[in-house]
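Residues per chain are reported as follows:
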Amino acid sequence: MSRVLPVINVRSIVIHYNEIALKGKNRPYFTTRLVRNLRAATAGAGVVQVRVLNGRFEMELEPSADIDEVRRRVGRVFGVGNYARAGRTGVDLDEIGRAIIADLDVREPASFRIAARRADKRHAMTSMDIERRIGAMVQAATGWKVDLSRPELVIHVEMLGEQTLYSFGKERGAGGLPTGVSGRVACLLSGGIDSPVAAWRMMRRGCRAYFIHFHSYPVLSRASQEKAVELTRLLTEWQLASRLYLVPFADIQQKALMTVDPALRVVVYRRLMLRIAGQIARRVRAQALVTGEVIGQVASQTLENMTVIDAASPLPVLRPLVGMDKDEIVDAAKALGSFPISIIPDQDCCTLFTPKHPATRTSIEQIEAAEQALDGDALIQAAIAAAGVQDFKFPMVKSSV
Ligand code: ATP
Ligand code: MG
């Protein structure tokens, strides 16, 4: 007769990182960063500790932790390949079975199976024996159907010496690389659909993003700034801390109104934006600028105009969406959750005082001539001096200006 042991259940989440991405000599650096990011992302959510196991992490939870909240947060940590709700218990098979049954989701899967592994091969039973025994217990308790070849739910059971780790299914992680391992970028964030998606893509590759928004307040309303704030707040859930620069652009536009040919204004504005963004980027040690530009989407986004715009930039300009179709970007924006914010109506500062049909093919000579009458350096310094700064933390927001 087997002794009835109390179920000592430690609830946890087992996290697998993006194996391939983390290969090579950078691996310890990446995994250390990932553990730190996981801890920070789940701060205050009832995580006791994040333990480094062989090739993965175990995030141990307090009994009172809100598991769905922890799952949501882990789901937004870049560098995580997949994760699963898990638990830890002893090595007695009855105990394991009871712990699993006590921990099952209420939702009924179409079918399930147990997948067992033993780290300690001296264990008297084979993996298949373990699978059968525990599978039978779960089936008896739930009535769920067993399917060995294509189960909807796989319950993993891993016996590790004195303890057993079990986990339910797998949820797909955010992928990419841990925030911070790829350096910093400065993202030009309009209130539109494209730029938040572009920023998110760079963030997913391990870059920490700084955000720069140009607004035409008080000529236009504060709506674009409010959208930039909302978008930054959303993106901060993925990198935990962000800074947004709100740069006044109305003065520059009014000066250009007097001196620059209307057809050339958009390109002139963009060049000034990149020069301003470049200076801000240098201050925060960002190594590149990021925009949401796409080839052929609007007049300023032809190869000719992009070349002229790039020539003004002190830093490389990265355009992660350059080859995407609008509907693909819209899908990405919906998945990210930025779409409803982006479509709130506002007047974009670049459409202010610009014609319906701006020049699609400008040349450097033409634009430099058009800029002659503008005191670019002075305008740039004034805009930077007047910029507002807001710092964001997930989950609270703190404003410093
Ligand atoms: P988006 O949807 O990102 O606004 P768009 O298709 O509307 O892009 P444009 O308005 O031409 O295209 O802007 C191209 C890129 O220039 C944007 O993706 C963004 O990176 C940058 N940009 C444009 N306007 C602003 C602004 N007011 N503040 C900051 N960046 C801007
Ligand atoms: Mg726009």
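As shown above, the structure is provided for reference.
None of these values were measured; they are calculated from a predicted model.

1. Quick word on the pattern of salt bridges
Taken as a whole and judged by the stated rule, the model has 24 salt bridges. The salt bridge involving Glu 58 is made with Arg 51; its shortest N-O contact spans 2.6 Å. Classification of Arg 51 by relative accessible area gives partly exposed; the value is 25%. Put simply, Glu 60 and Arg 51 hold a salt bridge, and the shortest N to O gap is 2.6 Å. A cluster of three or more residues bridged by salt bridges with shared partners is formed by Arg 51, Glu 58, Glu 60 and Arg 88.

2. Let's talk about a negative patch on the surface
On the surface, a cluster of negative charge is made up of Asp 325, Asp 327, Glu 328 and Asp 331. Note on placement: Asp 331 falls in helix α10 (residues 326-336). With relative accessibility at 51%, the residue Asp 331 sits in the exposed group.

3. Some remarks on the packing of aromatic side chains
For the structure on display, the rule yields nine aromatic pairs. Residues Phe 78 and Trp 238 carry aromatic rings whose centres are separated by 5.3 Å and whose planes lie at 25 degrees to one another, so their mutual orientation is stacked. Note that Phe 78 is positioned in the loop between α2 (67-74) and β4 (80-89) and Trp 238 in helix α6 (residues 223-239), a separation of 160 residues in sequence. Just as Phe 78 is buried, Trp 238 falls in that class too. Centroid distance Phe 112 to Trp 144: 6.1 Å. Interplanar angle 70 degrees. Geometry classified as edge-to-face. Of the two residues, Phe 112 is situated in strand β5 (residues 112-118) and Trp 144 in the loop between α4 (127-142) and β6 (153-160); the sequence distance between them amounts to 32 residues. Comparing Phe 112 with Trp 144 shows no difference in burial state: the two are buried. Members of the aromatic cluster, connected to one another through ring pairs, are Phe 78, Trp 200 and Trp 238. Here the basic side chain of Arg 222 rests over the ring of Tyr 217, its NZ or CZ set 4.0 Å away from the ring centre.

4. Regarding the packing of helix α8 (residues 265-283) against helix α12 (residues 364-371)
Packed helix pairs are characterised by how far apart their axes lie and by the angle those axes make with each other. Relative orientation of the contacting elements α8 and α12 amounts to 80 degrees, with a least axis distance of 10 Å. One finds that α8 runs roughly perpendicular with respect to α12. Contacts between α8 and α12 involve Val 267, Val 268 and Arg 271 on the former and, on the latter, Ile 364, Ile 367, Glu 368 and Glu 371. In terms of residue class, the contact of α8 with α12 is made up of four nonpolar, no polar and three charged.

5. Let's talk about the site of ligand 1
With respect to spatial proximity, 20 residues lie near ligand 1, and among them Ser 190, Asp 194, Ser 195, Arg 270 and Gln 297 are the closest. One of the side-chain N or O atoms of Arg 270 is found 2.5 Å from an oxygen atom in ligand 1. In the model, an oxygen atom of ligand 1 is placed 2.5 Å from a nitrogen or oxygen of the Gln 297 side chain. When isolated, ligand 1 has an accessible area of 570 Å², and the protein chains bury 91% of it. Those elements that provide at least two residues to the shell around ligand 1 are α5 (194-204), β9 (208-215) and α8. No other element matches the three residues that β9 contributes to the shell around ligand 1. Class assignment of the residues belonging to the shell around ligand 1 gives a composition of eight nonpolar, nine polar and three charged.

6. Quick look at the environment of Ile 295
Note that Ile 295 resides in the loop between β11 (289-290) and α9 (303-310). Taking the relative accessible area as the measure of exposure, Ile 295 reaches 40% and is therefore partly exposed. It is 8.7 Å that separates the C-alpha atoms of Ile 295 and Met 306, two residues lying eleven residues apart in sequence.

What counts as what
Residues numbered from 1 in each chain as written. Chains lettered and ligands numbered in written order. Predicted model: local features only at pLDDT ≥ 70, side-chain atom pairs only at ≥ 80, totals over all residues. Heavy atoms only, no water. Salt bridge = Lys/Arg side-chain N within 4 Å of Asp/Glu carboxyl O. Buried < 20%, exposed > 50% of the residue type's maximum accessible area, 1.4 Å probe, protein only. Patch = residues over 30% accessible without salt bridge, like charges linked within 9 Å, V, L, I, M, F, W, Y side chains within 5 Å. Areas by Shrake-Rupley, 256 points an atom, 1.4 Å probe, with all protein chains shown as cover. Lys, Arg positive; Asp, Glu negative; His and termini not counted. Charge placed at Lys NZ, Arg CZ, Asp CG, Glu CD. Helix = DSSP H or I, 4+ residues; strand = E, 2+ residues; numbered from the N terminus. Phe/Tyr/Trp six-rings, centres within 6.5 Å; stacked < 30°, edge-to-face > 60°. Lys NZ or Arg CZ within 6 Å of the ring centre and 35° of its normal. Axes fitted to C-alpha atoms, helices over the stretch in contact; angles between N-to-C directions. Parallel < 35°, antiparallel > 145°, perpendicular 65-115°, else oblique. Contact = heavy atoms within 4.5 Å. Nonpolar A, V, L, I, M, F, W, Y, C, P; charged D, E, K, R; others polar. Near = heavy atom within 4 Å. Polar contact = N/O pair within 3.5 Å; in protein donor to acceptor, adjacent residues only side chain to side chain.

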